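Chain by chain, the residues run as shown.
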Amino acid sequence: MTELTHRLVMTRAGRIHLVEQGSGPLVLLVHGFPESWYSWRHQLSALAAAGYRAVAIDVRGYGRSSKPADIAAYRMLDLAEDNVDVVHALGERTAVIVGHDWGAPIAANSALVRPDVFRAVGLLSVPYTPRGGPRPSEMFARMGGEEEFYVGYFQAPGRAEAEIEPDVRGWLAGLYAALSADTMPPADAPHPLLVSQGGTLRERFPTDRLPAWLSEDDLDVYAAEFERTGMSGALNRYRNMDRDWEDLAGFDGAPITQPSLFIGGALDASTATWLAGAIKAFPATLPGLLSSHILDGCGHWVQQERPAEVNEILTGWLAGLPA
């Protein structure tokens, strides 16, 4: 089997850093927040062994990819075009795209706006929710009740950076632990993604343990990248949700018709509570859904918490796709 190969390819963002392994049909892997290509380390070799060209990118603003200064440069349509540019830079015409966390809506919208390029889409942890409803900033402002929902907390430039950047490694460790099945706070504890008035996110994070999937060395990889780049490029994705709502008005309520896959964790708030309705709507929103799985006892970081199970599901789904 080939080894991991790091490359920089040119896109309209400037450059996208990617890591690839294997040969065969292209599978493009898109990470979420706050991660990098490294979140797919367990999938790259499994996909390569199964006969695929597996490529994991650093999303615009992360890692060694370009980091535009303009906040508006992180809108969804720009990220979708980055993915198209990557496919073409690799000498391919089409790809299967798979995303986790923020990578899931990036993958979903890439498939939605460019069905000529993305022939199938896999979504991990965050189900597809078509554009629609009220302006996102208005919706998120209501979600926390007397507290502040984390998406709203991330909106003001510099605010979350001031919390995170003095201790990137500690903040990341706390967030990863807060959303992992084996280290998350008990159900009756204050939710770690809600901010008390005048408070911070990290004050509700676990501080005395790492999840089993995350070694000290793994944490060092993530922390080193964000210590080098800062957090603004990653956080700017949250700061474009109203722009996305405006940009995608022509796709209001639109389903994704390509063959699709969903994998979520039963203990992840994204699947268990906040977006449970989106999963129930899959017959209408993902009419091409071929495989849907909720992993018992699993948190948010599904492909890292349960790599063997996710790899089996993913390769089985890929094997069943039309050629």
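None of these values were measured; they are calculated from a predicted model. (Residues numbered from 1 in each chain as written. Predicted model: local features only at pLDDT ≥ 70, side-chain atom pairs only at ≥ 80, totals over all residues. Heavy atoms only, no water.)

Helix and strand counts for the chain stand at 15 helices and 10 strands. In terms of overall dimensions, the chain is globule-like: its C-alpha atoms have a radius of gyration of 18 Å, near the 20 Å expected for 323 residues. On the principal axes, the C-alpha backbone points of the chain span a range of 55 × 45 × 40 Å. Counting all 323 residues of the chain, 57% fall into the buried class. Contacts spanning at least 24 positions in sequence make up 76% of the contacts within the chain whose residues lie at least 6 apart. On the chain, roughly 12,600 Å² of surface is accessible, and the fraction owed to carbon and sulfur atoms is 53%. (Helix = DSSP H or I, 4+ residues; strand = E, 2+ residues; numbered from the N terminus. Rg over C-alpha atoms; globule rule 2.2 N^0.38 Å. Buried < 20%, exposed > 50% of the residue type's maximum accessible area, 1.4 Å probe, protein only. Contact = heavy atoms within 4.5 Å. Areas by Shrake-Rupley, 256 points an atom, 1.4 Å probe, with all protein chains shown as cover.)

So, about the pattern of salt bridges. Tallied over the entire structure, the rule returns 22 salt bridges. Ionic pairing is found between D208 and R209, a salt bridge with its closest N-O pair at 2.5 Å. The class of R209 is partly exposed, set by a relative accessible area of 35%. Residues D244 and R237 are paired through a salt bridge, measuring 2.7 Å at the closest nitrogen-oxygen approach. (Salt bridge = Lys/Arg side-chain N within 4 Å of Asp/Glu carboxyl O.)

With five of five residues buried, strand β3 (residues 26–30) is to be regarded as a mostly interior element. Of the two faces of β3, the one carrying L26, L28 and V30 and the one carrying V27 and L29 are both buried. Here β3 pairs with strand β4 (residues 53–57) via five bridges, running parallel. Considered in β4, the bridge of V30 is made with I57. (Pairing = 2+ DSSP bridges.)

Moving on: the sheet that holds strand β9 (residues 260–265). On the basis of which strands lie adjacent, the open sheet formed by eight strands has the order β1-β2-β4-β3-β5-β6-β9-β10 and mixed pairing. Two strands bound the open sheet, and with one partner strand each, they are β1 (5–11) and β10 (289–295). Put simply, the sheet's adjacent strands are angled 20° from each other on average, direction ignored. Across six bridges, the pairing between β9 and β10 is parallel. From the neighbouring strand, I263 faces β10, where its bridge partner is H293. Against the sheet, helix α2 (residues 76–89) touches β1, β2 (14–21), β3, β4, β5 (95–100) and β6 (118–124), its axis set at about 115° to β1. (Axes fitted to C-alpha atoms, helices over the stretch in contact; angles between N-to-C directions.)

For the rest of this paragraph, the subject is helix α3 (residues 103–113). With 11 of 11 residues buried, α3 is to be regarded as a mostly interior element. Every buried residue of α3 is accounted for by G103, A104, P105, I106, A107, A108, N109, S110, A111, L112 and V113. Of the surrounding secondary structure, the elements contacted by the buried residues of α3 are β3, α2, β5 and β6.

Position of G299 relative to the elements: it lies in the loop between β10 and α14 (302–305). Taking the relative accessible area as the measure of exposure, G299 reaches 0% and is therefore buried. Distance from G299 to L267, taken between C-alpha atoms, is 4.8 Å for residues 32 residues apart in sequence. The residues touching G299, leaving out its near neighbours within four places in the chain, are L179, A181, M184, G265, L267, D268 and E305.

Where helix α7 (residues 168–178) meets helix α8 (residues 216–229), the closest approach of the two axes is 9 Å, and the angle between their N-to-C directions is 125°. In terms of orientation, α7 lies oblique with respect to α8. By crossing handedness, the relation of α7 to α8 is classed as right-handed. On the side of α7, the interface is formed by V168, R169, L172, A173 and Y176, while α8 contributes E216, L219, D220, Y222, A223, F226 and E227. Residue classes in the contact of α7 with α8 are distributed as eight nonpolar, no polar and four charged. (Parallel < 35°, antiparallel > 145°, perpendicular 65-115°, else oblique. Left-handed = near helix turned anticlockwise from the far one by under 90°. Nonpolar A, V, L, I, M, F, W, Y, C, P; charged D, E, K, R; others polar.)

Don't take any of this as a statement about function, it's just geometry.
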